[in-house]
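Here's the letter readout for the chains.
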Amino acid sequence: MNAPAALPDPGAIMRLSTAFWDSQTLLTAARLRLFDTLADGARGADEVAAALGLDARATALLMRALAGLGLLRPEGDRFANTPEAATFLVSRSPGYMGNVIRYSDQLYATWGELEQALRSGRPALAAQTYLGDDPARTRAFVVAMHERAQGIARALVGVLDLAGRRSMLDVGGGPGTYSVLLTARFPGLRAEVVELPGVAAVARELVAEAGAADRVAVRDGDYRSADFGHGHDVVLMSGMFHRETPAACRDLIARAAACLAPGGLLVVSDVFTDEGGATPAFAALFGLNMMLTAPDGGVHADADVRRWMEAAGLRDMRVQPLPPPMPHRVVTGVRR
Ligand SMILES: C[S@@+](CC[C@H](N)C(=O)[O-])C[C@H]1O[C@@H](n2cnc3c(N)ncnc32)[C@H](O)[C@@H]1O
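Residues numbered from 1 in each chain as written. Predicted model: local features only at pLDDT ≥ 70, side-chain atom pairs only at ≥ 80, totals over all residues. Heavy atoms only, no water.

### Overview of helix H10 (residues 177-185)
The element H10 is largely enclosed, with a buried count of seven among its nine residues. Where H10 is buried, its residues touch helix H9 (135-159), strand E4 (167-171), strand E5 (190-195), helix H11 (197-209), strand E6 (216-220) and strand E7 (232-238). (Buried < 20%, exposed > 50% of the residue type's maximum accessible area, 1.4 Å probe, protein only. Helix = DSSP H or I, 4+ residues; strand = E, 2+ residues; numbered from the N terminus. Contact = heavy atoms within 4.5 Å.)

Shown next, in the form of structure tokens:
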């Protein structure tokens, strides 16, 4: 008699079915600023509960769960921040990621509406809410992009050589962080950010705060119709293809190619999948996240972007991943 075939392991499915426990534990602790209460050293759950106005028994359960997730370290009956929590989750730390986490927190309820979005084909969250209509959410979105961009732009500086380039158009440049950091890294480079008015207003504040208003201009505009000008050395399109259909991306690439000087560089940076769209898993999930939050939101394959650049007459296309933990890839092409 043949031995019965071994059943596949259900462990991964079981883990996925409760993965939201992990997220909500982190998001809630970050929202409560629990990690701040441990910034000066280990404390017991009772003390933390009293400091935050929480129930002591529930707080002890939360802190043990955070320890299980590697964010706290038990020391007898007290808990300390791990190095990761101290660096990224304490608000006075220069590496604080609170705004990025707050943005994920705001999307938690939106993800709960995945089924409705699949039925209707429409985003669960109206994009205008965070792109101008609701000033508080718009500011939160722009500040979260700014925080995240600081890490990404530093990585981008490592893979892009813009030495000798003088004029950069930063299409959908959000908080302007890339323009600020790239113009600081490459002296002589000036940038113009094109952004929706509600976002542009916050971007102007951030650019001024960074002391970069003399080299980074922010222009109100809809990139679907705005005049891109001409003779630019660099066009940067970062984190916007995931809001657009393939046809719109092709149009943006064609207009970018047309506004570059000969030898000018088009830089498209985003989360991209491999050919086929299913890997990396984070990128495929990111497509769902964008479907939930933008009318044409999704994710593209970097190979498609490369083909669209080729069709627009660009040459010397390159695809480079940003260094981990960034999930982004950068596709570049040069105008003939
Ligand atoms: C994910 S953000 C990326 C921002 C920035 N480039 C970065 O990588 O950090 C996408 C940006 O596109 C902007 N955007 C969306 N639709 C736009 C449009 N039609 N015209 C101009 N900007 C737009 C949004 O306001 C947002 O700042």
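Back to the write-up after that little detour.
### A look at the nonpolar core
Counting residues in each nonpolar core, the largest one holds 30 residues, and the members touching the most others are Leu 156, Leu 162, Met 168, Tyr 178 and Leu 182. For this core, the secondary structure elements donating two or more residues are H9, H10, E5, H11, E6, E7, strand E8 (260-273) and strand E11 (328-335). Of the residues forming this core, the biggest block, six residues, is contributed by H9. Setting aside its immediate chain neighbours within four residues, Leu 162 contacts Met 168, Leu 182, Phe 186, Leu 189, Val 234 and Leu 265. One finds Phe 241, Cys 259, Phe 272 and Met 317 within the second-largest nonpolar core, a separate group that totals 26 residues. (Core = buried A, V, L, I, M, F, W, Y, C linked by side-chain atoms within 4.5 Å.)

### Description of a nonpolar patch on the surface
Among the surface-exposed residues, Phe 20, Trp 21 and Tyr 108 lie close enough to one another that they form a single nonpolar patch of about 340 Å² accessible area. The topology assignment puts Tyr 108 in helix H6 (residues 98-111). When its relative accessible area of 31% is taken as the criterion, Tyr 108 is described as partly exposed. (Patch = residues over 30% accessible without salt bridge, like charges linked within 9 Å, V, L, I, M, F, W, Y side chains within 5 Å. Areas by Shrake-Rupley, 256 points an atom, 1.4 Å probe, with all protein chains shown as cover. Salt bridge = Lys/Arg side-chain N within 4 Å of Asp/Glu carboxyl O.)

### Overview of the environment of Ala 51
Tracing the backbone through its elements, the reader meets Ala 51 in helix H3 (residues 45-52). Among the residues examined, Ala 51 registers a relative accessible area of 46% and is labelled partly exposed. In this structure the C-alpha to C-alpha distance between Ala 51 and Leu 34, which are 17 residues apart in sequence, comes to 9.2 Å. If near-sequence neighbours (up to four positions away) are discounted, Ala 51 is found in contact with Thr 37 and Arg 43.

### Things to note about the domain arrangement of the chain
As far as domains go, the chain holds domain 1 (19-95) and domain 2 (148-335). Computed from C-alpha coordinates alone, the two centres of domain 1 and domain 2 are separated by 36 Å. (Domains from an automatic or database assignment.)

### Observations regarding the site of the ligand
Around the ligand lies a shell of 18 residues, among which Gly 172, Glu 195, Asp 222, Tyr 223 and Ser 238 are the nearest. One of the side-chain nitrogen or oxygen atoms of Asp 222 is found 2.9 Å away from a nitrogen atom of the ligand. In this structure, Ser 238 approaches the ligand through a side-chain N or O atom, which is 2.6 Å from an oxygen atom. Within the complex, the protein chains bury 95% of what would otherwise be the 590 Å² of accessible surface of the ligand. (Near = heavy atom within 4 Å. Polar contact = N/O pair within 3.5 Å; in protein donor to acceptor, adjacent residues only side chain to side chain.)

### Concerning the pattern of salt bridges
By the definition in use, this model includes 18 salt bridges. Each member of the salt-bridge network shares a partner with another, and the members are Arg 224, Glu 244 and Asp 296.

### As for the side chain of Thr 110
You can see Thr 110 is positioned in helix H6. When neighbours within four sequence positions are excluded, Thr 110 is seen to be in contact with Ala 124, Leu 125, Leu 292 and Thr 293.

### Here's the deal with the environment of Thr 37
With respect to the helices, strands and loops of the structure, Thr 37 is situated in the loop between helix H2 (19-31) and strand E1 (43-44). Judged by relative accessible area, Thr 37 falls into the buried class, the value being 13%. Expressed as a C-alpha distance, the spacing of Thr 37 and Ala 124, which sit 87 residues apart in the sequence, is 35 Å. Aside from chain neighbours lying at most four places away, what touches Thr 37 is Arg 43, Val 48, Ala 51 and Leu 52.

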